[in-house]
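Residues per chain, in single letters:
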Amino acid sequence: MSSPLAYAPRGGPFGGVGAGAASLYLGALAVAAFAFSNPIVLAGAGAAVVVAGLGARAAAALAASARLSLGLGVLIVAVNAITAQRGDTILVRGGEVPVLGQIDVSAEALVEGGVLALRIAVVLAAFAVHSACVDPDRMLRMLRPLARHSALTATLITRLVPLAAADHARLREAAALRGPAAAPAGRAALVRRLVAGSLDRAVDVAAALELRGYARGAPRDAGPRPTSRHSWRFAAAGAAIVAVVLVARLGGIGDFDAYPTISIAASGWTLALATALPLLAAAPFLGLRGRHG
Amino acid sequence: MSRRRSTTVAAAVSLAAAAAGCGFGPGESTSGEVTLTVTRDYGANVLIETSEEDPAESETVIRFLDRETELTTRYGGGFVQSIDGISGTVADGRSIDWFFFVNGIESPRGAADVPAHGGDRIWWDYRDWTDALRTPAVVGSWPEPFAQVSAGTERLPVRVVCLTVRRPCSDTVERLAAEGVDASIEPRRAVAHADAEALRVLVGPWARVRSDRVAATLEHEPATSGVFARFERAASGWRLAALDESAAPVERLGAGAGLVAGLRAGDDPATWLVTGTDGAGVEAAVGLLRTDSLAHRYAIASAGGHEIPLPEGG
């Protein structure tokens, strides 16, 4: 059983897209999430990532990232509520706690925590789809000119998540097959083993790459690997998303302030931006069906 | 656990929470007016002056500031990085940041942890702190810290320690009384004992005042005393060196020079110096004890009828 975050060829229009185009397309959605704090725009960016994930046939990766985001989100909201001592709408006066100081919970701090959690959820989902759909070997090939002298960095960037996901699936399976008498393996033990193992594995891959002459550059006879003829569609969509985000940011669209009271820009332009993101994300899939190559 | 025990535990927890100031909503109002002053360059330029009536129990320094200005914070919201776009920075090797005082005392805690009660005077200043990170007590919130409006019934006694002829001391008491402060005049012998349970005003020429343990810190650099002035020995007694914000002497004031400055030893209550190079200087310093002269000043000197804010040029 493989992890939903591990790369697997999935077919469909996104299946054969080049690593650069796929990274631009999905990275643009993460950029949108980082660029705005307005929950309406973040919801639009989230919808765009869902559209991209479903179009790329990575629904399981989206679901896995959503489960992770949920737990993380609750933690972020809780921590922000007790650490951000700003906001006019006091819900709970917690008094003064040693070390932590004054602990008041305000509606504004809860909302700010929610916005942070939403942003993390969108970014995690974008990277989950990337991890599930983009061939790490293609990523490594793409990174070679940028990180020629650092095979370790390149492999950590491209391989850490897929390797960790695959190892997690194997470890979980192995733990389940130990028989009914065995003590249950806790989640913390699995994660500890996973992190240590994935770093080891990435280092192994880096060592193998170095031995095979990674730093010398591509062989002369190695022509560009064929990619989907639809790559340009996804690259164009990614570029368009970045351009729209940039223009909107410079134009002051989608402002959001949590303090001292919540202020959300909900103008027509903000709604248009939130609508444009999923539409732009869906655009490359329109008019395409089945496996194209 | 029995139902009765559960009820007892729940009641105990509720009582403890209530005793610790916990509860729902902003809490009850504290009566009085809390004022907010925002300045820069050691109070030289006033940017904002505003006030709020009867603030809620949950009001804090940062919440009040947040409502009146555009604010950015760091380190989890406890440290104010910028106010209305004026941001803490390092320029030409000099560090400039925002600092705040409550009732003339520099806050040792972050703005999110300091409550703002009715009667409090909150003062934010954007200043170069390269040569004086701490300025524990300032005179710019007069008649605080002596008025103690927000302290309710827990006010500290105010003692005027008289180290000169009676007149300047009684004038000092009168000026405090005009601001609603009930102060007593203490005999000279009290000077040797810094009182951790009282706010003190030391009145007298520097030659006498300097024997006080707290006052003696003025002989150190501003980095230690927090005051941009120091007395120096001269052929005919003492002279007062007025320093700029880099702790360099700008001018040296001779006979008749007076000084009003605040000092603080550790967590003890503030000690103010109303002193001078000689008797005339002490009288000049007493003359500075009024809002017009002290407002937004860290400390102030007087020479030849002229008022000199300290640090000079600040």
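Bear in mind the structure is a predicted one, so any value in this text is a computation, not a measurement. (Residues numbered from 1 in each chain as written. Chains lettered and ligands numbered in written order. Predicted model: local features only at pLDDT ≥ 70, side-chain atom pairs only at ≥ 80, totals over all residues. Heavy atoms only, no water.)

Student: In this structure, what is going on with helix α9 (residues 231-250) of chain A? I would like to understand it.
Tutor: Because an α-helix completes one turn every 3.6 residues, residues spaced three or four positions apart along the sequence face the same direction. All names here are of chain A. With 20 residues, α9 should reach 28 Å at 1.5 Å per residue; the first-to-last C-alpha distance of 29 Å fits that figure. Buried residues along α9 sit against α1 (12-15), α2 (19-35) and α10 (268-282). Of the residues one or two after α9, G252 is the one with positive phi, at around 75°. (Helix = DSSP H or I, 4+ residues; strand = E, 2+ residues; numbered from the N terminus. Expected span 1.5 Å × (residues − 1). Contact = heavy atoms within 4.5 Å.)

Student: Mind showing me how you'd approach the domain arrangement of chain B here?
Tutor: How big an interface is tends to be stated in terms of the accessible area lost upon association of its parts. Residues and elements named next belong to chain B. Domain annotation of chain B identifies domain 1 (3-128) and domain 2 (149-310). Relative placement of domain 1 and domain 2: their C-alpha centres are 28 Å apart. Taken together, the contact pairs 19 residues of domain 1 with 10 residues of domain 2. Taken over both partners, the interface formed by domain 1 and domain 2 buries close to 1200 Å², and the fraction arising from carbon and sulfur atoms is 58%. Three residues, Y42, I105 and W123, lead the burial of domain 1 against domain 2; their summed loss comes to 45% of the area buried on that side. (Domains from an automatic or database assignment. Buried area = accessible area lost by both parts, 1.4 Å probe.)

Student: Would you mind going over the layout of surface pockets with me for this structure?
Tutor: Of the voids in this model, the largest pocket is the one considered here, and its volume is about 1200 Å³. Every residue lining the largest pocket is counted, 32 residues in all, and those nearest its centre are S3, L5, L68, A165 and H168 of chain A. Sort the elements by how many residues they give to the lining of the largest pocket and helix α7 (residues 151-176) of chain A lands first, with 10 residues. The space that makes up the second largest pocket amounts to roughly 800 Å³. Along its surface, the second largest pocket is lined by 24 residues, and V102, N103, I105, S150 and R264 of chain B are the ones closest to its centre. Its residues assigned to classes, the lining of the second largest pocket shows 11 nonpolar, five polar and eight charged. Both domains that furnish three or more residues to the lining of the second largest pocket are identified here as domain 1 (3-128) and domain 2 (149-310) of chain B. (1 Å grid on protein atoms, 1.4 Å probe; cavity = no way out; pocket = protein on both sides within 12 Å on 5 of 7 lines; lining within 4 Å. Points joined across faces, edges and corners; volume = space filled by probe spheres on them. Nonpolar A, V, L, I, M, F, W, Y, C, P; charged D, E, K, R; others polar.)

Student: Is there a simple way to think about the interface of chain B and chain A in this case?
Tutor: On the side of chain A, 19 residues touch chain B, which itself brings 20 residues to the contact. Here chain B packs against chain A, burying approximately 1600 Å² in sum over the two surfaces, 40% of which is carbon and sulfur. Applying the counting criterion to the chain B and chain A interface returns four salt bridges. Counting across the interface, chain B meets chain A through eight residue pairs in polar contact (both at pLDDT 80 or more). Only β1 (23-24), α2 (61-68) and β4 (71-74) of chain B provide two or more residues apiece to the side of chain B that touches chain A. (Salt bridge = Lys/Arg side-chain N within 4 Å of Asp/Glu carboxyl O. Polar contact = N/O pair within 3.5 Å; in protein donor to acceptor, adjacent residues only side chain to side chain.)

Student: Can you help me understand unusual backbone geometry in this one?
Tutor: Excluding glycine, residues mostly have negative phi values, and the peptide bonds linking residues are mostly trans. All names here are of chain B. E144 connects to P145 through a cis peptide bond whose omega is 10°. Summarising the element assignment, P145 is placed in the loop between β10 (121-128) and β11 (158-162). Backbone torsion omega between L310 and P311 reads 0°, so that peptide bond is classified as cis. Within the secondary structure layout, P311 lies in the segment after β20 (306-310). Of note, Y42 is a non-glycine position whose phi angle comes to about 60°, a positive value. Given a relative accessible area of 3%, Y42 falls into the buried group. The residue D92 is not glycine, and still its phi comes out positive at about 55°. Mapped onto the elements of the fold, D92 is located in the loop between β7 (89-91) and β8 (94-102). Overall, the relative accessible area of 81% leaves D92 in the exposed class. (Buried < 20%, exposed > 50% of the residue type's maximum accessible area, 1.4 Å probe, protein only.)

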